[in-house]
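# Fold and contact review
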There are 2 protein chains.
Amino acid sequence: MTLSQTDVQKIFNPVHVAVIGVSTGDYKFGGTSFLMKLQEGGFPGILYPINPKAQEIRGLKAYPDLKSLPVVPDLAIVCVAARLVPGILEDCASIGLLHVHILTSGFRESGLEEGKLLEEQIVAIAKDKGLKVIGPNCMGPYCPSAGLTAWGAIPGLSGSVGIISQSGGLTQRLTEYTSSLGIGVDKAVSFGNAAVLDSTDFLEILAEDKDIRVIAMYLESVKDARKLLQIAKAANQKKPVILWKGGESQAGAATAASHTGAMSGSQKLWQAFYRQTGVTRVRSMNECVDAIMAFSLLTAPAGHGVFLIGGGGGNSVANSDTFNRQGFEVPPLSEPTMDFLSRSVPTAGSIAGNPLDMWRTFIDADYLAQVLELGYKDSAISIIVVDRLIPRMAYHFPDLADPTPETIAYLKNRQIVKPTVFTIDSDGGDPELADMGARLRAKFCRAGIPAFPSARRAARALRHLYHYHTRQKRSD
Amino acid sequence: MTLSQTDVQKIFNPVHVAVIGVSTGDYKFGGTSFLMKLQEGGFPGILYPINPKAQEIRGLKAYPDLKSLPVVPDLAIVCVAARLVPGILEDCASIGLLHVHILTSGFRESGLEEGKLLEEQIVAIAKDKGLKVIGPNCMGPYCPSAGLTAWGAIPGLSGSVGIISQSGGLTQRLTEYTSSLGIGVDKAVSFGNAAVLDSTDFLEILAEDKDIRVIAMYLESVKDARKLLQIAKAANQKKPVILWKGGESQAGAATAASHTGAMSGSQKLWQAFYRQTGVTRVRSMNECVDAIMAFSLLTAPAGHGVFLIGGGGGNSVANSDTFNRQGFEVPPLSEPTMDFLSRSVPTAGSIAGNPLDMWRTFIDADYLAQVLELGYKDSAISIIVVDRLIPRMAYHFPDLADPTPETIAYLKNRQIVKPTVFTIDSDGGDPELADMGARLRAKFCRAGIPAFPSARRAARALRHLYHYHTRQKRSD
């Protein structure tokens, strides 16, 4: 099924939205939750709660059924019990309401014959009446710029990321996570069992969408592997496509069958998929968000030479190992850089070189800026990583001034020609430390400067960035 | 050089400590920092600051030189400039002060001829006079039960972990990290350039130490690989030995040469080392602490079947993948367990099985206890992992009561027969979330229940635990 621009408009930017199955009581889940969250998020369109027994729900006029509505809504959000869903779909079709998100669970994924039959009914009705059905068993569309934020980060942050996912929970988390880091979402969709609309339908439209620069997907199944391969390959040539495949392992695949009723496909098939499409392979929420951040905020690196700036000898050794393991070089610096460093770095207790082990980079924003300038001019260097070593600071120098605002101002004013990222490792069970680290990380990220919670995660995200652009160059 | 029990006593449990090279001014680094921190940490012995120009420093009587002291100190902490160190060592020997920690840097690791010669002088004096020298270029011994905490977590938490490390910074961090998680350290030593005493000397004594149950090492170099192999193999049969080898990669090895003047040895050599000794291989601070936590708090698992308890469909799929990838099984549950679950778990929106996707486990401590009891009785299950899913809670159910105290009470009162751990993933750039997650994690850990910040890190730590005990059983 190909989605038209009108379909995209109705699904992601609806004005009139019917929520079918909203409780009148205190029950705050399902349809009620969707209605509440849309109100909280400031949805600018008109909401129509449907409940045969209510006059008014949460300050809104309620309607007994779809036929009683004064308009044909753009989008229906169906939250009634599974056995009632086919009837509601018939009602939708009868008034010409063609765009339907089914929140309800209890279909094929239940493993029960009854659920399987109900899902087959949904597919048959959709086919017969031309309904564009999202789900069932999913959270549906999400679009902060349209105020369509019934779940996830509310009201959400509008930006240039597109998300296509079979898991409602993981999609919620993704929107919250990226939003906290100052990275906005243009369109996200959780599509669950994929009974009618599948990943390929959404990927096709997001690939063409000029507002979207990076696409992240979480998939548990695929109906037409060849089609996904073709569409993903084409999309990835236009913009980075990141795929987290849930159910890669045997146990994961078995769980996926209970989650979205999905057959996961073999590991070999997916390996071939990544190889042939060039799609970026991630395996966890953190890796997915780290890659989104790198692709959203950084330009293409010219090479794989990394300049590691930080403090601490063991830390410098460990960071060299980490970047080397991810395929990066930590090359010797050029003569002008070394001249400056050997003049300014003491021989005892520091290391003048790459990595640079020099505490002053940590507390003196001007000095750090001088070192960064040298890195930007150094032909051996394509990427710069600055470590912030929060943990020791927290214990040993709590009173020092924080040079972060100056550093952020410097980086924002300069036209940065080489990817520059920060690492702020604040893990360690100490809540105060975690809090300091998270705040510092958020400061950088919200200013558009990627900051990762460990060298390993920075190196992995930069590897994804480097590989994507290397492949793009080769295929030019 | 073999250390005797008297040496151990003098190094880790000294009563009289001379700090040589303490400033009288505002300068707070080097010897002054050591003196200050020992005072702050409540060192119960007697401190002797040495400074030729001072009468009193920080409320303590100062002495012009070692010869003027009223007693022979147990331990000297040498903080004077590198070129003065050989003279100080001669002074130590002349009064019979044989245990010396050299904080000072600027020796072999500087890469300069002068530094190399100075280090050779140190070695020669130590050999000639029988000095037990720790360092140079290191933080020296640390022992919370003796109040010897001049660095790291101060005053520190006494416990059963032993740490042997060439990096001062990483050792500080390790003691802070474990201490924050409620895991105490018995003895730690940062030994830098290893000019005289080497890792093997410390490993030998920590292996025999009845107060130590787990040993963690960070090494950049080794002087006698065959000796280390023999000692590590024997030590690892008595208690788990964890090794983080800094400088595994080419770039890391080059950095290690500038850090501790060390030649790192080939990767192949180290692979053979791990295989032959059974020592647990870790590659980062987080992995090291996670392994320490698992070995310190958990008993041997009988098998590799894991019961994953949590909520969220996509999350359950992802966790299955994660544990499968680390070599664990996520097996079907026994009939009594499934009977209970199919009665209590709704068919729509949840998954009754392994993994268990059931929100009630999250908010209802009694229900979780019932599920855990079934897991403890289930013969397919050897390990239980409970996910806490902090991130969605923070956004969607901020008002729910926290069942953590009841859950901790239940686990502490029960004699736990199967390793049981929690995962609390609070990463995501949102400082409030990070704070909530870190606090929750600390609550569990400080109660002696391991809690990890991601499923991946839990799985990796449990894999180390499982492999260690499997090897132990085979060699019995």
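Structure report, in brief.

Residues and elements named next belong to chain A. Neither face of strand E17 (residues 420-423) is left uncovered, since the one carrying Thr 420 and Phe 422 and the one carrying Val 421 and Thr 423 both have all their residues buried. In terms of strand pairing, strand E16 (residues 383-387) meets E17 through 4 bridges, oriented parallel. The residue of E17 that forms the bridge with Ile 384 is Thr 420. As judged from the 2 bridges shared by E17 and strand E18 (residues 451-452), these two strands associate in the parallel manner. The partner of Phe 422 across the bridge, within E18, is Ala 451. In the classification by handedness, the crossover that spans E17, the intervening helix H17 (residues 431-446) and the parallel E18 is right-handed.

A few words now on the pairing of strand E14 (residues 306-310) of chain B. All names here are of chain B. Across the 5 residues of E14, 5 count as buried, placing the element largely inside the fold. Taking every second residue as pointing to the same face, both faces of E14 are buried, with Val 306, Leu 308 and Gly 310 on one and Phe 307 and Ile 309 on the other. With 4 bridges joining them, E14 and strand E16 (residues 383-387) adopt parallel strand pairing. Paired with Ile 309 across the bridge in E16 is Val 386. Relative to strand E15 (residues 356-357), E14 runs parallel, the two sharing 2 bridges. By the bridge assignment for E15, Ile 309 is matched with Leu 356.

Turning next to the nonpolar core. Counting 293 residues, the largest nonpolar core has Val 19, Ile 215 and Ile 292 of chain A together with Val 19, Ile 215 and Ile 292 of chain B as the members making the most contacts within it. What Ile 292 of chain A contacts, discounting residues up to four positions off in sequence, is Val 161, Thr 178, Ile 183, Val 214, Ala 216 and Ile 242 of chain A.

The sheet built from 5 strands is open, its strands ordered E15-E14-E16-E17-E18 (chain A) with parallel pairing. In the strand order of this sheet, the two ends are held by strand E15 (356-357) and E18 of chain A, each with one partner.

Here we come to the sheet that holds E15 of chain B. Working definition: the strands of a sheet are paired by backbone hydrogen bonds and lie parallel or antiparallel to each other. One open sheet accounts for 5 strands, arranged E15-E14-E16-E17-E18 (chain B); its pairing is parallel. Where the open sheet ends on each side, the last strands, each with one partner, are E15 and strand E18 (451-452) of chain B.

What follows concerns unusual backbone geometry. All names here are of chain B. At the junction of Gly 135 and Pro 136, the peptide bond is cis and its omega measures out at 0° in the coordinates. The residue Pro 136 is located in the loop between strand E7 (132-134) and strand E8 (140-142) in this model. At the junction of Asn 354 and Pro 355, the peptide bond is cis and its omega measures out at 0° in the coordinates. Take Pro 355: it is sitting in the loop between helix H12 (335-344) and E15. Not every positive phi belongs to a glycine, and Arg 58 is a case in point at roughly 50°. By secondary structure assignment, the location of Arg 58 is in the loop between strand E3 (56-57) and strand E4 (60-61). What makes Arg 58 partly exposed here is the crowd of 13 C-beta atoms within 10 Å. One non-glycine residue with positive phi stands out, namely Ala 194, at about 55°. Mapped onto the fold, Ala 194 is located in the loop between strand E10 (185-190) and helix H6 (199-208). The class for Ala 194 is buried, based on 27 C-beta atoms found within 10 Å.

Definitions and cut-offs
- Residues numbered from 1 in each chain as written.
- Chains lettered and ligands numbered in written order.
- Predicted model: local features only at pLDDT ≥ 70, side-chain atom pairs only at ≥ 80, totals over all residues.
- Buried ≥ 20, exposed ≤ 12 C-beta atoms within 10 Å, placed from the backbone.
- Helix = DSSP H or I, 4+ residues; strand = E, 2+ residues; numbered from the N terminus.
- Pairing = 2+ DSSP bridges.
- Right-handed = clockwise from strand over helix to strand, strands pointing away.
- Core = buried A, V, L, I, M, F, W, Y, C linked by C-beta atoms within 7 Å.
- Contact = placed C-beta atoms within 7 Å.

Function-wise, these values are silent; they only describe arrangement.
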